[in-house]
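Architecture and fold: a report
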Amino acid sequence: MGYKIQVYTKSVAETISIGRSLGRILSSGDVVCLTGELGAGKTYFVKGLAGGLGVIGIRGKGVTSPTFIIIREYKGRLPLYHIDLYRIGVVEDLRDIGMEEVIYGRGVTAIEWAERIADRLPDERIEITLRYEDKKTRLIEMTAFGRHHTQVLKKTAGELEKIADKR
Ligand SMILES: Nc1ncnc2c1ncn2[C@@H]1O[C@H](COP(=O)(O)OP(=O)(O)OP(=O)(O)O)[C@@H](O)[C@H]1O
Ligand SMILES: [Mg+2]
């Protein structure tokens, strides 16, 4: 089933901070799959991931929603590949758009609208589901699949608890 944690966020800043906590712990080859309706906060979460991976402002704007570009690469402590499948109709073959190479490569991959390729996601991954609760509140559910990603998520949960304790 997978190891699962849930956190509520009450602001964009908090969502970024949660992403950052995970980003600090991610390692080479890790895959983060994001699901959630339009405006749920997937891109802000990835912005946090990027921060935690040491990505610094690209073109002055940092990580923005890659609307037409399907895969964007950012340089941090590890390369971050940000994939957004929103505009893509049907993905016939992950190899066609260079996705397979990225997902099974040495960087960290974050995929928005990952459910579009649900049947082809790697067995080892972290799934992030963001649910709209109200204007400023989101429920973030994180589920890890595979031993390594479970360790990563457990460590992240520990960090999130430390942050919560300080409040
Ligand atoms: N707690 C919160 N966390 C994240 N975003 C929030 C939160 N509260 C309000 N928002 C708003 O929700 C929107 C989230 O935008 P974002 O681009 O991250 O969504 P998305 O899931 O990537 O959408 P899309 O499917 O269009 O790519 C922003 O307008 C942001 O201001
Ligand atoms: Mg987005």
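So, here's what we can say about the structure. (Residues numbered from 1 in each chain as written. Chains lettered and ligands numbered in written order. Predicted model: local features only at pLDDT ≥ 70, side-chain atom pairs only at ≥ 80, totals over all residues.)

**Considerations on the site of ligand 1**
In plain terms, the rule: Using a C-beta atom placed from the backbone, a residue is scored as near a molecule or strand whenever that atom is within 6 Å of it. Comment: elements are numbered from the N terminus, with helices defined as DSSP H or I runs of at least four residues and strands as E runs of at least two. Each residue is assigned to one of three groups, with Ala, Val, Leu, Ile, Met, Phe, Trp, Tyr, Cys and Pro labelled nonpolar, Asp, Glu, Lys and Arg labelled charged, and all others, Gly among them, labelled polar.
Residues in contact with ligand 1 amount to 19 residues; listed here are only the nearest, Thr15, Gly41, Lys42, Thr43 and Tyr44. Those elements giving two or more residues to the shell around ligand 1 turn out to be α1 (12-25) and α2 (42-52). Tallied by class, residues from the shell around ligand 1 come to 5 nonpolar, 8 polar and 6 charged.

**Here we look at the environment of glutamate 14**
Structurally, the position occupied by glutamate 14 is in helix α1. Each C-alpha atom, one on glutamate 14 and one on tyrosine 44, is 9.7 Å from the other, the two residues being 30 residues apart in sequence.

**Brief notes about the pairing of strand β3 (residues 71-75)**
Which entries qualify depends on this criterion: The pairing criterion is simple: DSSP has to find at least two bridges between the two strands.
Two strands pair when backbone bridges link them, and β3 and strand β4 (residues 79-84) are joined in this way by 5 bridges, in the antiparallel orientation. Residue pairing across strands places lysine 75 opposite proline 79, the latter belonging to β4. The hairpin turn running from β3 into β4, its antiparallel successor, is 3 residues long.

**Some points on the packing of α1 against helix α4 (residues 147-166)**
Which entries qualify depends on this criterion: Angles run from 0 to 180 degrees between N-to-C directions of axes, and those axes are lines fitted to C-alpha atoms, restricted for helices to the stretch in contact. Relative orientations are named as follows: roughly parallel for angles under 35 degrees, roughly antiparallel for angles over 145 degrees, roughly perpendicular for angles from 65 to 115 degrees, and oblique for any other angle. Crossings are assigned a handedness: left-handed for a near helix turned anticlockwise from the far helix by less than a right angle, right-handed for a clockwise turn. Residues are scored as being in contact if the C-beta atoms we place from backbone atoms lie within 7 Å.
At a minimum axis distance of 9 Å, the contact between α1 and α4 shows a crossing angle of 135°. By the criterion of interaxial angle, the relationship of α1 to α4 is oblique. In this structure, α1 meets α4 at a crossing whose hand is right-handed. Judged by residue contacts, Ile18, Ser21, Leu22 and Ile25 of α1 engage Val152, Lys155, Thr156, Glu159 and Leu160 from α4. Split into classes, the residues belonging to the contact of α1 with α4 amount to 5 nonpolar, 2 polar and 2 charged.

**Overview of the nonpolar core**
Short version of the rule: Any set of buried Ala, Val, Leu, Ile, Met, Phe, Trp, Tyr and Cys residues joined through C-beta atoms within 7 Å is what this text calls a nonpolar core. With C-beta atoms placed from the backbone, a residue counts as buried when 20 or more other C-beta atoms lie within 10 Å of its own, as exposed when 12 or fewer do, and as partly exposed for counts between those limits.
By size, the foremost hydrophobic cluster in this structure holds 36 residues, and its most contacted members are Val32, Leu34, Leu49, Leu80, Ala110 and Ile128. The greatest single-element share of this core, amounting to 5 residues, is contributed by α2. Residue contacts for isoleucine 128: discarding those within four places in its chain leaves Val32, Cys33, Leu34, Phe45, Ile140 and Met142.

**A word on the packing of α1 against α2**
Geometry of a packed helix pair, given as the angle between the helix axes and the separation of the axes. Put simply, α1 and α2 touch, their axes get as near as 6 Å, and they point 45° apart. By the angle between their axes, α1 is oblique relative to α2. For the pair α1 and α2, the crossing hand works out as right-handed. Across the interface between the two elements, Val12, Thr15, Ile16, Ser17, Ile18, Gly19, Arg20, Ser21, Leu22, Gly23 and Arg24 of α1 pack against Tyr44, Phe45, Val46, Lys47, Gly48, Leu49, Ala50, Gly51 and Gly52 of α2. By residue class, the composition of the contact of α1 with α2 is 9 nonpolar, 8 polar and 3 charged.

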